[in-house]
Amino acid sequence: MTYDAGVFHMFIQTEFRFSGGRCEHAVSNDGFTWVVLNPAILSIPDTDEDGLYDPHPAVVNGARYIVYSGMPTFSRVPQPDIYLAQSSTNTWFGPWVRVGKIMDHQDLPHHNSREHPDYECGIEGAQLVELPDGRVLLNATCFLPEGERGNRQRVFFAIADKVEGPYKTLGPVLTPGEPGENGHSTVLIDNQELMLVYQSRVRTTNHRWRFGIAKCSLGEMQEKLTRPEPIRRNKRS
């Protein structure tokens, strides 16, 4: 969701890890009463975007985009990659033009490969954020190639000079500290501080999903570009 010129814009999927589906666009003046407009993006049958989900709006260098997970047809487990669409009118009303894939399984050594014998899932929950220096931060969820299920989902960051990439992964940025996992997060930047709101589940809370907050300075982020290390966890609710 985003708020622009007095209007709330919500982009929401109609399917999750299934073929078909579309990215719907709803608007509201007050955040309570919504009007559904024409779909922003439709899946394309029998292509690499046979299904789509997890749309997220972004403004980068003044242009309006939607980043989302797109997946080809599958017989066993969906294997989505990250795709990008841009508004041809530079408004949230579109029409939306597909830019194409901006992140593939092969770009992430810390993500289970398509051929993994215990493949869990693809790349999900992508968000794009323009950094103060003009570069683009991609925040998303991967699934580690090692470990037991319930312990492999991780938040990771990637950086690019341009919104369409190529992106350099910084790897997972949060370690649970005990058996568990984290993912599907949102980055906020304010006063030279990066805040990450995420969901996680760990053994000490009986693996129930909870929300957490992690913080780092943008200076720490600059260091991370050359020396990747997890940002510190702040608290869990």
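All values reported here derive from a predicted model rather than from experimental measurement.

**Student:** Whenever I open this one, the nonpolar core confuses me. Can you help?
**Tutor:** The tendency in soluble globular proteins is for nonpolar side chains to be buried side by side. Judged by nonpolar contacts, the single largest core of 22 residues is most densely connected at I82, M103, L128, L138, F156, V163 and Y167. Counting residues per element, the ones that place at least two in this core are β6 (51-60), β7 (63-71), β8 (81-87), β9 (96-103), β10 (124-130), β11 (136-143) and β12 (153-160). At four residues, β11 tops the list of elements feeding residues into this core. With residues near it in sequence (within four places) discarded, L138 still touches I82, I102, M103, Q127, L128, F156, F157, A158 and Y167.

**Student:** Mind showing me how you'd approach the environment of E220 here?
**Tutor:** You can see E220 is positioned in helix α1 (residues 218-224). On a C-alpha basis, the gap between E220 and E193 in space is 9.3 Å, while along the polypeptide they are 27 residues apart.

**Student:** Please clarify how the state of the cysteines should be interpreted in this entry.
**Tutor:** Each disulfide is one covalent bond, formed between the sulfur atoms of two cysteines. The final tally for this structure, using the stated rule, is zero disulfides. Between C142, a free cysteine, and C121, which holds the nearest cysteine sulfur, the sulfur-to-sulfur gap is 11 Å.

**Student:** Would you mind showing me how to read the layout of surface pockets here?
**Tutor:** A probe matching the size of a water molecule, rolled over the atoms, marks out where space remains unfilled. Its volume calculated, the largest pocket comes out at about 330 Å³. At the level of elements, β2 (7-13), β6, β10 and β14 (180-190) are the ones that each hand at least two residues to the lining of the largest pocket. When its residues are assigned to classes, the lining of the largest pocket shows seven nonpolar, six polar and one charged. Of the voids in this model, the second largest pocket is the one considered here, and its volume is about 230 Å³. Forming the boundary of the second largest pocket are 14 residues, of which H56, P57, Q127, L128 and V129 lie nearest the centre. Along the lines of polarity and charge, the residues of the lining of the second largest pocket split into nine nonpolar, four polar and one charged.

**Student:** Which parts of the structure should I look at to understand the environment of Q13?
**Tutor:** Structurally, the position occupied by Q13 is in strand β2. As a C-alpha pair, Q13 and S217 span 204 residues in sequence and 33 Å in three-dimensional space. In terms of polar contacts, Q13 uses its side chain to reach the backbone amide nitrogen of D54, at 2.7 Å.

**Student:** In this structure, what is going on with the side chain of Q127? I would like to understand it.
**Tutor:** Mapped onto the elements, Q127 comes out in strand β10. By relative accessible area, Q127 is classed as buried at 5%. Of the polar contacts made by the side chain of Q127, one reaches the backbone nitrogen of V187; its length is 2.7 Å. Not counting chain neighbours up to four residues away, the residues in contact with Q127 comprise H56, V67, L137, L138, N139, S185, T186 and V187.

**Student:** Honestly, the sheet that holds strand β13 (residues 168-172) in this entry has me stumped. Any pointers?
**Tutor:** An order of β10-β11-β12-β13 is seen for the four strands of this open sheet, with the pairing classed as antiparallel. In this open sheet, the two strands that pair with only one neighbour each are β10 and β13. Strand-to-strand, the axes of this sheet are offset by a mean angle of 20°, without reference to chain direction. Here β12 pairs with β13 via four bridges, running antiparallel.

**Student:** Got a minute to help me understand the packing of aromatic side chains in this structure?
**Tutor:** The final tally for this structure, using the stated rule, is seven aromatic pairs. Through pairs of rings, three or more aromatic residues link up here, namely Y3, F8 and W34.

**Student:** Even after reading the chapter, I still don't get the sheet that holds β8, so can you show me in this structure?
**Tutor:** In a beta sheet, neighbouring strands are held together by backbone hydrogen bonds and run either parallel or antiparallel to one another. Sheet architecture is open: four strands sit in the order β6-β7-β8-β9, paired in antiparallel fashion. Here the strands that pair on one side only, and so sit at the sheet edges, are β6 and β9. On average, each strand axis in the sheet is tilted by 25° relative to the strand beside it, whichever way the strands run. Both β6 and β7 contribute to a ladder of eight bridges, which runs antiparallel. Opposite P57, over in β7, you have I66 as the bridge partner.

Calculation notes
Residues numbered from 1 in each chain as written. Predicted model: local features only at pLDDT ≥ 70, side-chain atom pairs only at ≥ 80, totals over all residues. Heavy atoms only, no water. Core = buried A, V, L, I, M, F, W, Y, C linked by side-chain atoms within 4.5 Å. Buried < 20%, exposed > 50% of the residue type's maximum accessible area, 1.4 Å probe, protein only. Helix = DSSP H or I, 4+ residues; strand = E, 2+ residues; numbered from the N terminus. Contact = heavy atoms within 4.5 Å. Disulfide = S-S within 2.5 Å. 1 Å grid on protein atoms, 1.4 Å probe; cavity = no way out; pocket = protein on both sides within 12 Å on 5 of 7 lines; lining within 4 Å. Points joined across faces, edges and corners; volume = space filled by probe spheres on them. Nonpolar A, V, L, I, M, F, W, Y, C, P; charged D, E, K, R; others polar. Polar contact = N/O pair within 3.5 Å; in protein donor to acceptor, adjacent residues only side chain to side chain. Pairing = 2+ DSSP bridges. Axes fitted to C-alpha atoms, helices over the stretch in contact; angles between N-to-C directions. Phe/Tyr/Trp six-rings, centres within 6.5 Å; stacked < 30°, edge-to-face > 60°.

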